[in-house]
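Structural features, examined
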Amino acid sequence: MSLLLLLVLPLAGAALLALRGERPEAAAVNAIFAGAGLACAAGLALKVVAGGPLVAFGEQFHLDAFNVFLVVLTAFVGFTTALFSRPYMRTEADRERIGARGLRLYHAMYQLFLFTMQLALTTNNLGILWVAMEGATLATVLLVSLYRTPASLEAAWKYFLLCGVGIAQALFGTILLYLAAEKALGAGGTALLWTHLAAVKSGLEPGVLAIAFVFLLTGYGTKVGLVPLHNWLPDAHAEGPTPISAVLSGLLLNVALYAVVRGKVLVDGALGTPLAGRLMMGFGLLTVVVAALFLVRQRDVKRLFAWSSIEHMGLITFAFGMGGAVASFAALLHMTVHSLTKSAIFFAAGHAAQKAGTQAMDGIRGLVSRSPAVGWGLLLGTLAILGVPPFGVFTAEFMILTTAMGRQPWAAPVLLLALGVAFAAVFGRVQAMVFGEPTGEPLKHRPLTAPVFVHLAIVLLLGLWIPPWIAAWYRQAASMLG
Amino acid sequence: MSLAAQLIDLLAALLLLMAFAMLAQRRLMALIGLFAFQGALLAASTAVVAWSTGQAHLWWSAGLTALLKAVVLPLVLRRLAVRLAVARDVEPLVNVPTTLLVGIALVVVAFDLALPMAELAGTITRGTLGIAMACVLLSLLMMITRRRAIAQVIGFLSLENGLFFAATGATYGMPMVVELGIALDVLVGVLVFGIFFFRIRETFDSLDVEHLEKLGDRG
């Protein structure tokens, strides 16, 4: 029941807001729908954690500890971003960067995007997973070009074509997977169902699955932002409205990586060799290193944090690639804390850029003295994302690095060096924005900074003490991933 | 070799020919025509597979392909071209011979890649997997070499055709629910592309993608 609501609510919200999305109360309606989604997600999680995995609606949907944790995270960040977007989009509308039609489009597509994310996570059918991922691109691409500036059009065009081609590769991977599955399960509807595939994974043809995984990894990897397929990501994050940057980083990247990991479980079972893990480690390491180098030369605040997302997704991909109980646990934890921290940072950075009237970091100064909440939020968020203890990102990175030292000693110094470079690059920039002589004007609509601090408080809590039931939950999910 | 298998091979060869023709076609309207013809060939080959194997859902798939890829999408593209006043556009393509030579090399690569997979597929159409991959790679090449936004999108759609052909060739088609979902995505995708064309032209006064190469991390 809550599963049905989880999927139907955003659809209903999208329809309603497509008609009435320009009205002043639309932002609140948007948040209410997202909040109701969160309640459904929480209900589902309670059921799955207590009662184990479940399938529903003729096995078309499937929930286990792994995806239900992402369902909750997605619903939570979707809800807080909707709250943040209320004052943010009002300011944008006041400044006439967006009109009534734009607002309708924005609100409707926001709900539609949440729908595609939840569909991708809860579906048991790998074909539908693909359809939902492509749907997520379609829902967000018009939002990236919402401001109709030349730069935003270019960003959206790049996003559309690159992710389109990428996702086409993932479709080919899915077709190959189906080819192998047909042999084991027979033709028809069940051969693409993940639960059935997972049951027979050791009997799948290894040669075909290896090729299929390469296509799945490059395809969904484009959406994760893995180097060298990352080109769309900084542009799309920088040119779209900030709430969209927050959900792209906080939700879309996670869900794309989720698709890769589901593929990896099948391939590992069929091959019995660490091929998939090695590929993911290679891509992940390359991503971390390249992102660290590019972080140094950024001038735009949203681009800076977009590159930081690339870096962290690389690290998480690396951790999933290493595999094993500890690394997978760390990867899941890192997914959570990155999502929360990065969206908090985008909330703060969005308000800061609005206040200064520019996204250029040289134009943003003295946030702490002019609007302490935004300034401190940005500073604390930055410290958290850079892996300063006692925040949760530190815990996750520490676990990944120590595991790497034991299992992949060659990679650990490279990772450590890249994290060091990233720290120096980002911290210097943010410090200059937060302190110094203030610029810009106060905002008419008071920025909502509560979501920033709620996110950061959760990240802090996860760093200091992971509640046993969450730890047990992660452990259960990690054990399925091998 | 049965009649059906021969027919499918013929259609596959024609599909590959279309991919090459699209690579070299400078006139937008002719390109849309070629795309429609490719869609019709795809539908025909799916129908032949349906007829020879008795897979009922493939008939639906063939009908859907015929409707969407051979009729609806070409019509939408044609209308877009007329409304954007680019119907008579002739695209300056440099080095068509070189492009075609690269295309031939890609076909060889595709056949080589498809060999191990084709051996596993038990379908009568498995020989066509190489051609499907070649179509995919040629479409990618087309997207890279084209300068006009509409031509790039046609390349993208033709890539989708190649993938569909691979799906029928290797597995007798995906489950129906998935195929419907993919068709929906393609349709919505084209509508979104259409909106984009207008926005791009409104902003830059042309549909040349060279205006869309300014962003980057050069400092």
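Anyway, here's the lowdown on the structure attached to this text. (Residues numbered from 1 in each chain as written. Chains lettered and ligands numbered in written order. Predicted model: local features only at pLDDT ≥ 70, side-chain atom pairs only at ≥ 80, totals over all residues. Heavy atoms only, no water.)

Regarding the overall build of chain B
Scanning chain B for helices and strands turns up seven helices and zero strands. Along chain B, helices (α) and strands (β) appear in the sequence α-α-α-α-α-α-α when read from the amino end. Relative to its length of 219 residues, chain B is compact, with a C-alpha radius of gyration of 18 Å against a globular reference of 17 Å. Once the C-alpha set of chain B is aligned to its principal axes, its extents read approximately 55 × 35 × 35 Å. Relative to its full complement of 219 residues, chain B shows a buried share of 56%. Long-range contacts, defined here as pairs at least 24 residues apart, represent 76% of the contacts in chain B between residues at least 6 apart. Accessible surface, chain B: about 9200 Å² in total, of which carbon and sulfur atoms supply 68%. With 15 positive and 14 negative side-chain charges, chain B shows a separation of 9 Å between the mean positions of the two kinds. (Helix = DSSP H or I, 4+ residues; strand = E, 2+ residues; numbered from the N terminus. Rg over C-alpha atoms; globule rule 2.2 N^0.38 Å. Buried < 20%, exposed > 50% of the residue type's maximum accessible area, 1.4 Å probe, protein only. Contact = heavy atoms within 4.5 Å. Areas by Shrake-Rupley, 256 points an atom, 1.4 Å probe, with all protein chains shown as cover. Lys, Arg positive; Asp, Glu negative; His and termini not counted. Charge placed at Lys NZ, Arg CZ, Asp CG, Glu CD.)

Observations regarding the side chain of threonine 99 of chain B
Mapped onto the secondary structure, threonine 99 of chain B falls in helix H4 (residues 96-120). For threonine 99 of chain B, the residues in contact, after removing those within four places along its chain, are Leu23, Val94, Leu141 and Thr145 of chain B.

Side note on the environment of valine 71 of chain A
All names here are of chain A. Locating valine 71 in the fold gives a position in helix H3 (residues 65-94). Residues valine 71 and methionine 117, spaced 46 residues apart in sequence, show a C-alpha to C-alpha distance of 8.4 Å. If sequence neighbours within four positions are ignored, valine 71 has contacts with Leu6, Ala41, Leu63, Gln118, Leu121 and Thr122.

Some points on empty space enclosed by the protein
For the structure on display, the rule yields eight cavities of 30 Å³ or more. Put simply, the largest cavity is a space of about 100 Å³. Looking at the largest cavity, the residues that line it are Leu6, Leu9, Pro10, Phe33, Ala34, Gly37, Leu38, Thr74, Ala75, Gln111, Leu114 and Gln118 of chain A. Only helix H1 (2-20), helix H2 (26-51), H3 and helix H4 (100-122) of chain A provide two or more residues apiece to the lining of the largest cavity. In terms of residue count, the dominant contributor to the lining of the largest cavity is H2 of chain A (four residues). A per-class count over the lining of the largest cavity returns eight nonpolar, four polar and no charged. Taken as a whole, the second largest cavity holds about 80 Å³ of empty space. Contributing to the lining of the second largest cavity are 13 residues, with Leu28, Asp89, Glu91, Arg148 and Ala151 of chain B lying nearest its centre. (1 Å grid on protein atoms, 1.4 Å probe; cavity = no way out; pocket = protein on both sides within 12 Å on 5 of 7 lines; lining within 4 Å. Points joined across faces, edges and corners; volume = space filled by probe spheres on them. Nonpolar A, V, L, I, M, F, W, Y, C, P; charged D, E, K, R; others polar.)

A word on the pattern of salt bridges
Any two side chains of opposite charge can pair, given that their charged atoms come close. All names here are of chain A. This model, assessed by the stated rule, comprises 10 salt bridges over all chains. Among the ionic pairs, aspartate 64 bridges to arginine 262, the shortest N-O distance being 3.2 Å. Pair noted here: aspartate 64 is in the loop between strand E2 (61-63) and H3 and arginine 262 is in helix H10 (residues 242-271), with a separation of 198 residues, a long-range link. Assessed through its relative accessible area of 2%, aspartate 64 is described here as buried. Between arginine 429 and aspartate 362 there is a salt bridge; the shortest N-O distance is 4.0 Å. You can see arginine 429 sitting in helix H17 (residues 411-434) and its partner aspartate 362 sitting in the loop between helix H13 (325-356) and helix H14 (367-370), a full 67 residues away along the chain. (Salt bridge = Lys/Arg side-chain N within 4 Å of Asp/Glu carboxyl O.)

As for the packing of helix H1 (residues 3-24) of chain B against H4 of chain B
Residue and element names in this part refer to chain B. Between H1 and H4, the least distance of the axes is 10 Å, while the angle of their chain directions is 150°. When the interaxial angle is binned, H1 and H4 end up roughly antiparallel. Read as a crossing pair, H1 and H4 show a hand that is right-handed. From H1, Leu16, Phe20, Leu23 and Ala24 reach across to H4, where they touch Val96, Thr99, Leu100, Gly103, Ile104 and Val107. Taken together, the residues of the contact of H1 with H4 break down into eight nonpolar, two polar and no charged. (Axes fitted to C-alpha atoms, helices over the stretch in contact; angles between N-to-C directions. Parallel < 35°, antiparallel > 145°, perpendicular 65-115°, else oblique. Left-handed = near helix turned anticlockwise from the far one by under 90°.)

Concerning the interface of chain A and chain B
Listed as interface residues are 50 residues of chain A and, on the opposing side, 48 residues of chain B. Roughly 4200 Å² of surface becomes buried between chain A and chain B when both sides are summed, with 76% attributable to carbon and sulfur atoms. It is Leu153, Glu154 and Trp157 of chain A in chain A that bury the most area against chain B; as a group they hold 17% of the surface buried on that side. Arginine 148 of chain A is paired through a salt bridge with glutamate 202 of chain B; the nearest N and O atoms lie 3.6 Å apart. Among the elements of the structure, helix H5 (126-144), helix H6 (150-185), helix H8 (206-224), helix H9 (232-239) and helix H12 (301-322) of chain A are those that each provide at least two residues to the side of chain A that touches chain B. If one sorts the elements of the side of chain A that touches chain B by residue count, H6 of chain A sits on top with 22 residues. For the side of chain A that touches chain B, the residue count by class is 29 nonpolar, nine polar and 12 charged. (Buried area = accessible area lost by both parts, 1.4 Å probe.)

Focus on the side chain of serine 158 of chain B
All names here are of chain B. Mapped onto the fold, serine 158 is located in helix H6 (residues 149-171). A polar atom in the side chain of serine 158 sits 2.8 Å from the side chain of serine 139. Setting aside residues up to four positions removed in sequence, serine 158 forms contacts with Met22, Phe35, Gln38 and Ser139. (Polar contact = N/O pair within 3.5 Å; in protein donor to acceptor, adjacent residues only side chain to side chain.)

Focus on the nonpolar core
Trp157, Tyr220, Phe320 and Leu378 of chain A together with Ile154, Phe196 and Phe197 of chain B are the most contacted members of the largest nonpolar core, which has 275 residues in total. Discounting residues that sit within four places of it in the chain, tyrosine 220 of chain A has contacts with Leu126, Leu129, Trp130, Met133, Ile167, Ala170, Thr174, Ala256, Ala259 and Val260 of chain A. (Core = buried A, V, L, I, M, F, W, Y, C linked by side-chain atoms within 4.5 Å.)

Re helix H2 (residues 28-53) of chain B
Here H2 of chain B spans 38 Å end to end across 26 residues, near enough to the 38 Å set by a 1.5 Å rise per residue. Phi turns positive, to about 70°, at glycine 54 of chain B, one or two residues after H2 of chain B. (Expected span 1.5 Å × (residues − 1).)

Looking at the environment of valine 296 of chain A
All names here are of chain A. Following the sequence through the fold, valine 296 ends up in the loop between helix H11 (275-295) and H12. Overall, valine 296 belongs to the partly exposed group, its relative accessible area being 46%. Separated by 128 residues in sequence, valine 296 and alanine 424 have C-alpha atoms that sit 8.2 Å apart. The residues contacting valine 296, other than those within four sequence positions of it, are Val421, Ala425 and Arg429.

Describing H12 of chain A
Residues and elements named next belong to chain A. For H12, which comprises 22 residues, the first-to-last C-alpha distance of 32 Å matches the rise-based estimate of 32 Å (1.5 Å per residue) to within 8%. Burial analysis of H12 places 22 of its 22 residues in the buried class, the great majority of the element. The opening residue of H12 is aspartate 300, an N-cap whose side-chain oxygen sits 2.8 Å from the backbone nitrogen of lysine 302. Downstream of H12 by a residue or two, glycine 323 has a phi angle that is positive, lying close to 70°.

A look at the packing of H1 of chain A against H2 of chain A
All names here are of chain A. One can describe the packing of H1 onto H2 by two numbers: an axis separation of 9 Å at closest approach and a directional angle of 175°. Relative to H2, the element H1 is oriented roughly antiparallel. Along the contact surface, H1 presents Ser2, Leu3, Leu5, Leu6, Leu9, Ala12, Gly13, Leu16, Leu17 and Arg20, while H2 presents Ala26, Val29, Asn30, Phe33, Ala36, Gly37, Cys40, Ala41, Leu44 and Lys47. The residue inventory of the contact of H1 with H2, partitioned by class, reads 14 nonpolar, four polar and two charged.

Brief notes about unusual backbone geometry
Most peptide bonds take the trans form, and the phi angle of most residues other than glycine is negative. Residues and elements named next belong to chain A. The amide bond that connects valine 227 to the next residue, proline 228, takes the cis arrangement and shows omega of 5°. For proline 228, the location among the structural elements is in the loop between H8 and H9. In this structure, the amide linkage connecting proline 389 to the following residue, proline 390, adopts the cis form with an omega of 5°. For phenylalanine 57, which is not glycine, the phi dihedral falls at a positive 50°. For phenylalanine 57, the location among the structural elements is in the loop between strand E1 (54-56) and E2. Its relative accessible area of 45% is what places phenylalanine 57 among the partly exposed residues. Even without being glycine, arginine 148 reaches a positive phi, approximately 60°. If you trace the backbone, arginine 148 turns up in the loop between H5 and H6.

Geometric values such as these leave the question of function open.
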